[in-house]
Amino acid sequence: QSSINQGMGNLVKAARLISTGLLATCLAIAASASTATSPNNSLVQIESGRIQGAVVEDVLAFKGIPFAAPPVGNLRWRSPQPVSPWAGIRSATQYGNDCMQVPAPRDAAPPGTTPAEDCLVLNVWRPVQLEPGVKLPVVVWIHGGAFVNGGSSTSIYDGSEIARQGVIFVSFNYRLGRFGFFAHPALRAEGSPAIANYAFLDQLAALQWVQRNIVAFDGNPSQVTVMGESAGGISVMHLLTWSAARNLFHRAIVLSGGGRNYLFPVRRLRAFTRTQPSAEESGIQFARSLGIRDTGTVGLAALRALPATQIAGDLNMSTLLQRSPTYTGGPIQDGQIVTSTPGTLLQQGDATPVPILIGSTTQDLPAILPPLNNPLAYFGAEAAKAQTLYNPDGQVQPLDLVLQIGADISMHEPARFVAQQMTTAGQPAWLYRFGYVAQFLRPQIRTAAHASELPFLFGTLSARYGSAVTSEDQAAGQIFRSYLVNFIKTGNPNGNRLPLWPRFNVMRSQLMLFTPNQGAIVQTDPWKERLDLVERATNSPAAASNTAN
């Protein structure tokens, strides 16, 4: 425990060094340069130097800005380090590399650049024209991809349309796979306070960069919303319940990010469980698979000398299902960054007190599954009632039943759980379910798949569907986007000419439904009885043993 406390103290000291001292002078320069040096403000001074962005129509974009030193060589598996300042003007008109990964087949949001280990960069979009003295609200986007895929360069995540609504939009990369989540005895022996969850430290560093630099882009560092989908949504839930991230953001949006847990079986750093080896054991197995057996400085040097392609291996969203014994699968319970599940910390009152907007899609990801041979067994003594709610006429196919129950366990009920917990803690919460399907996909597809809401949110439908996009699709995206932009601006999704979206009420259990044919409508959750059943089963002592994960 004392070593953990000492490690956390070192992390705090490092954060203070980043935000004070010599960099305070740079911050003052950045603040004074916000009215800046060219007619369209495309030349900006930030703490590490001057950057030149590019204007496209009415939006000014800055891309590929380093927010931490390249995590390569001896900085592999270390906490993010400060950027080395540069002389002259750095071009910020092209995306930097997405983080090292093996692209997944049929990925709806594939990386737009060549993945590489040197990837800790971010992007900023803002309107070209601003009233003098105005500081705009900021939203920071965290991409998904199961912590093994994704990046900020994909065309679907272009921030232009959201920026046009009067918002500073920021996106960034964070380390993935074994680069982002890795443990090995040699790392612990090295004495670094960061020993496992490097991806979360990258996210923290990006938010700290926003606090120090966003004024230079005419953003308001006291009005920051953190928003993420899938693994990005899980990350928002982690940030919401991680004390180190407190005061770095002021609102939270979680899209299909669960809410009770990390949606992946979380390994403990050194301890085995009944079903899981320790994270360090996975690291040992990985090293041995490449002929590295030493667990001290020699072994660590050999691991850091490996080519990035060998670290990445074959990990992606497809192979992740095979549960490689040489990869932890995602976040690691290390006792300092990941101490428990977000759900447990919420129930303990340990969440940052901010407004939250949270939801899922109608056919969301079943990351946690009930027993495959008898999915209704998940509900224990209430299996018969589950039969009447999920399969009353016995016509639902076994696989469909597993997936439907799995989505309720993974996404739909946890989103409601988070809304309940935040409301109980005195914070406003808004709950939604996105069910709109692009017109050309109907009637073959009737429900909204995981991540299908993203091109509607970003206004990038053409990048996803090309010429098949209809005016009705565009209108549905405008409504969804308007609610979220209103929330980013004010902490409340409501605004002019939009149907009223009431705050979540534990007793009424209402939510906003984004429907294919009726637009945005508020009603009592039509799946309430199902989710009540899932809630009771999830809270039962036997819940962990009643899943296939």
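Residues numbered from 1 in each chain as written. Predicted model: local features only at pLDDT ≥ 70, side-chain atom pairs only at ≥ 80, totals over all residues. Heavy atoms only, no water.

Caption draft 1: Expanded view of the overall build of the protein. Along the backbone of the protein there are 17 helices and 16 strands. Against the compact-globule benchmark of 24 Å for 549 residues, the protein has a radius of gyration of 23 Å, which places it among compact chains. With the C-alpha coordinates aligned to their principal axes, the bounding extent of the protein is approximately 70 × 60 × 45 Å. Relative to its full complement of 549 residues, the protein shows a buried share of 56%. Expressed as a percentage of contacts within the protein between residues at least 6 apart in sequence, the contacts between residues at least 24 apart total 77%. (Helix = DSSP H or I, 4+ residues; strand = E, 2+ residues; numbered from the N terminus. Rg over C-alpha atoms; globule rule 2.2 N^0.38 Å. Buried < 20%, exposed > 50% of the residue type's maximum accessible area, 1.4 Å probe, protein only. Contact = heavy atoms within 4.5 Å.)

Caption draft 2: How the structure looks around the pairing of strand 2 (residues 49–52). Sheet topology places strand 1 (residues 43–46) next to strand 2; 4 bridges connect them, and they run antiparallel. Each residue of the ladder has a partner; that of Leu43, found in strand 2, is Gln52. The antiparallel hairpin formed by strand 1 and strand 2 contains 2 residues in its connecting segment. Pairing geometry for strand 2 and strand 5 (residues 89–91), over 3 bridges, is parallel. When the sheet's bridge partners are listed, Arg50 is paired in strand 5 with Ile89. (Pairing = 2+ DSSP bridges.)

Caption draft 3: Quick look at the sheet that holds strand 1. Read from one edge of the open sheet, 3 strands run 1-2-5, paired in mixed fashion. Bordering the open sheet on either side are strand 1 and strand 5, each of which pairs with just one other strand. Each strand of the sheet is rotated relative to its neighbour by a mean of 35°, with strand direction disregarded. (Axes fitted to C-alpha atoms, helices over the stretch in contact; angles between N-to-C directions.)

Caption draft 4: Looking closely at the packing of aromatic side chains. The full count for this structure, using the stated rule, is 32 aromatic pairs. With a centroid separation of 5.0 Å and an interplanar angle of 80°, the aromatic rings of Trp141 and Phe458 are classed as edge-to-face. Placement of Trp141 in strand 7 (residues 136–142) and of Phe458 in helix 14 (residues 454–458) is noted, with a sequence separation of 317 residues between them. Phe458 shares its class with Trp141; the two are buried. Ring geometry for Phe434 against Phe480: centres 4.9 Å apart, planes inclined by 55°, an arrangement best described as tilted. With Phe434 in strand 14 (residues 429–434) and Phe480 in helix 16 (residues 471–490), this residue pair connects regions lying 46 residues apart in the sequence. (Phe/Tyr/Trp six-rings, centres within 6.5 Å; stacked < 30°, edge-to-face > 60°.)

Caption draft 5: Examining the environment of Leu431 more closely. Position of Leu431 relative to the elements: it lies in strand 14. By relative accessible area, which is 6% here, Leu431 ends up buried. When the C-alpha atoms of Leu431 and Val59 are compared, they prove to be 31 Å apart, with 372 residues separating the residues in sequence. Filtering out sequence-adjacent residues up to four positions away, Leu431 remains in contact with Ile358, Gly359, Ala415, Arg416, Trp501, Phe504, Gln510, Leu511 and Met512.

Caption draft 6: Spatial organisation of the packing of helix 12 (residues 383–390) against helix 17 (residues 528–538). Close contact between helix 12 and helix 17 brings their axes to 10 Å; oriented N to C, the two are set at 150°. Between helix 12 and helix 17, the interaxial angle falls into the category roughly antiparallel. Regarding helix 12 and helix 17, the two cross each other, and that crossing is left-handed. Where helix 12 abuts helix 17, its residues Lys385, Ala386, Leu389 and Tyr390 lie against Glu529, Arg530, Leu533, Val534 and Arg536. (Parallel < 35°, antiparallel > 145°, perpendicular 65-115°, else oblique. Left-handed = near helix turned anticlockwise from the far one by under 90°.)

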